[in-house]
Amino acid sequence: MIKVVVCGASGRMGQTIGRMVNESSDLELVGGINLKPSSFFGADIVEAKDAENLLKTTKADVMIDFTIASAAVENVKMAARNKVALVVGTTGFTPEQNAIMEKAICNNVPAVISSNFSVGVNIFWQLVRESGKLLKDYDIEVFEAHHRNKKDAPSGTAKTILQILEDEVGPREKQYGREGMTERKNEIGVHVIRGGDIVGDHKVMFSKNFETIELSHHASDRSVFASGAVHAARWVVGKKPGIYGMSDVLNLKKIP
Ligand SMILES: NC(=O)c1ccc[n+]([C@@H]2O[C@H](COP(=O)([O-])OP(=O)(O)OC[C@H]3O[C@@H](n4cnc5c(N)ncnc54)[C@H](O)[C@@H]3O)[C@@H](O)[C@H]2O)c1
């Protein structure tokens, strides 16, 4: 049995993942970490100050983190020094925070880090890459919509889309929303919507005179992210130290 600890256990993703781990026959939910103690599908949620002790006493094999960026950086450092494999789904990291995590992980533990664990989004990213290659001279606009409680914007998934587009069409200014007299330049427009309980929508629009191509992904339940993260947790245990993506977990062929 693979022993799993979930960080951010009381949150929307933490609860969905906890339920899924608890229901699986090859994984054991040995505890959760959050700001306040609570129960967690037959295990306990401990406060952050007791987190390291939880990892040691339970001999956890893998820690799954869906918290906030500042907390996730500390959790990654803690897991790395205790040689606990990692799955990190938290988004909103600064470049400095990413560098700190990379330093903590490399040569110490295997970690799967992805701004989106859904299989569909990972395939959608590949379609965006392929389209970017073919549509370099089109106007490009990126849209994302999420629930009213999401803290970071644009979403990590949208940032990954922007990185893929930059790889394929070259660097372009990002225009975050528009207001007043605006003249379109060779930019990528980025549009963020927040409201209600939207789980996660992303769209990329490529336009030229008389035609538009749209690629979109719609998530209607956060179990699509949770099942990807749980799949990644099974996969990452026993791998060589280093940072992996969901394309490694899913064995998706890289588009040349
Ligand atoms: N990669 C993906 O597929 C994916 C999918 C959905 C959400 N996310 C990201 O996951 C993160 C969590 O999303 P959510 O909707 O579950 O948010 P949420 O606010 O519902 O849950 C986050 C939880 O983390 C807890 N937390 C904060 N600081 C902590 C600390 N120091 N130690 C332990 N717990 C702490 C909070 O109390 C909260 O319960 C966000 O960054 C979100 O963007 C990623």
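Parameters at a glance
Residues numbered from 1 in each chain as written. Predicted model: local features only at pLDDT ≥ 70, side-chain atom pairs only at ≥ 80, totals over all residues. Near = placed C-beta within 6 Å. Helix = DSSP H or I, 4+ residues; strand = E, 2+ residues; numbered from the N terminus. Nonpolar A, V, L, I, M, F, W, Y, C, P; charged D, E, K, R; others polar. Domains from an automatic or database assignment. Contact = placed C-beta atoms within 7 Å. Pairing = 2+ DSSP bridges. Axes fitted to C-alpha atoms, helices over the stretch in contact; angles between N-to-C directions. Parallel < 35°, antiparallel > 145°, perpendicular 65-115°, else oblique. Left-handed = near helix turned anticlockwise from the far one by under 90°. Core = buried A, V, L, I, M, F, W, Y, C linked by C-beta atoms within 7 Å. Buried ≥ 20, exposed ≤ 12 C-beta atoms within 10 Å, placed from the backbone.

Student: Honestly, the site of the ligand in this entry has me stumped. Any pointers?
Tutor: Near the ligand there are 27 residues, and of these G8, G11, M13, A71 and G89 occur at the shortest range. Looking at the shell around the ligand, the elements that each hand over two or more residues are α1 (12-23) and β2 (27-34). The element best represented in the shell around the ligand is α1, accounting for 3 residues. In terms of residue class, the shell around the ligand is made up of 10 nonpolar, 14 polar and 3 charged.

Student: I keep staring at the domain arrangement of the chain and nothing clicks. Help me out?
Tutor: One frequently used descriptor of interface size is the decrease in accessible area upon assembly of the parts. Each assigned domain of the chain is listed here: domain 1 (2-113 + 222-249) and domain 2 (119-219). If you average the C-alpha positions of domain 1 and of domain 2, the two centres end up 28 Å apart. The partner domain 2 presents 9 residues to the 8 residues of domain 1 that form the contact. Here the side of domain 1 that touches domain 2 is composed, by residue class, of 3 nonpolar, 4 polar and 1 charged.

Student: I keep staring at the pairing of strand β10 (residues 188-194) and nothing clicks. Help me out?
Tutor: Remark: a regular strand shows side chains that alternate across the two faces of the sheet. As paired strands, strand β8 (residues 139-146) and β10 are joined by 7 bridges and run parallel to one another. When the sheet's bridge partners are listed, F143 is paired in β10 with H191.

Student: Explanation requested: the sheet that holds strand β9 (residues 174-176) in the structure shown.
Tutor: In a beta sheet, neighbouring strands are held together by backbone hydrogen bonds and run either parallel or antiparallel to one another. Read from one edge of the open sheet, 5 strands run β9-β10-β8-β11-β12, paired in mixed fashion. The sheet is open, and its two borders are formed by β9 and β12 (211-219), each paired with just one other strand. Strand-to-strand, the axes of this sheet are offset by a mean angle of 15 degrees, without reference to chain direction. The sheet contacts of helix α6 (residues 156-169) involve β8, β9, β10 and β11 (200-208), and relative to β8 the element is tilted by about 165 degrees.

Student: What am I meant to see in the packing of helix α5 (residues 119-134) against α6 here?
Tutor: The geometry of a pair of packed helices is captured by two quantities: the angle between their axes and the separation between those axes. Put simply, α5 and α6 touch, their axes get as near as 8 Å, and they point 30 degrees apart. Relative to α6, the element α5 lies roughly parallel. For the element pair α5 and α6, the recorded crossing hand is right-handed. Across the interface between the two elements, V121, W125, V128, R129, G132 and K133 from α5 touch T157, T160, I161, I164, L165, E168 and V169 from α6. Its residues assigned to classes, the contact of α5 with α6 comprises 7 nonpolar, 3 polar and 3 charged.

Student: Just to check I follow, could you spell out the nonpolar core for this structure?
Tutor: V4, I64 and L86 are the most contacted members of the largest nonpolar core, which has 54 residues in total. For this core, the leading source of residues is helix α7 (residues 223-236), giving 8 residues. Those residues in contact with V4, other than ones at most four positions away along the chain, are V21, L27, E28, L29, V30, A60, V62, I64 and A233. Formed by 13 residues, the second largest nonpolar core is a distinct cluster that contains I140, V190, V204 and F206.

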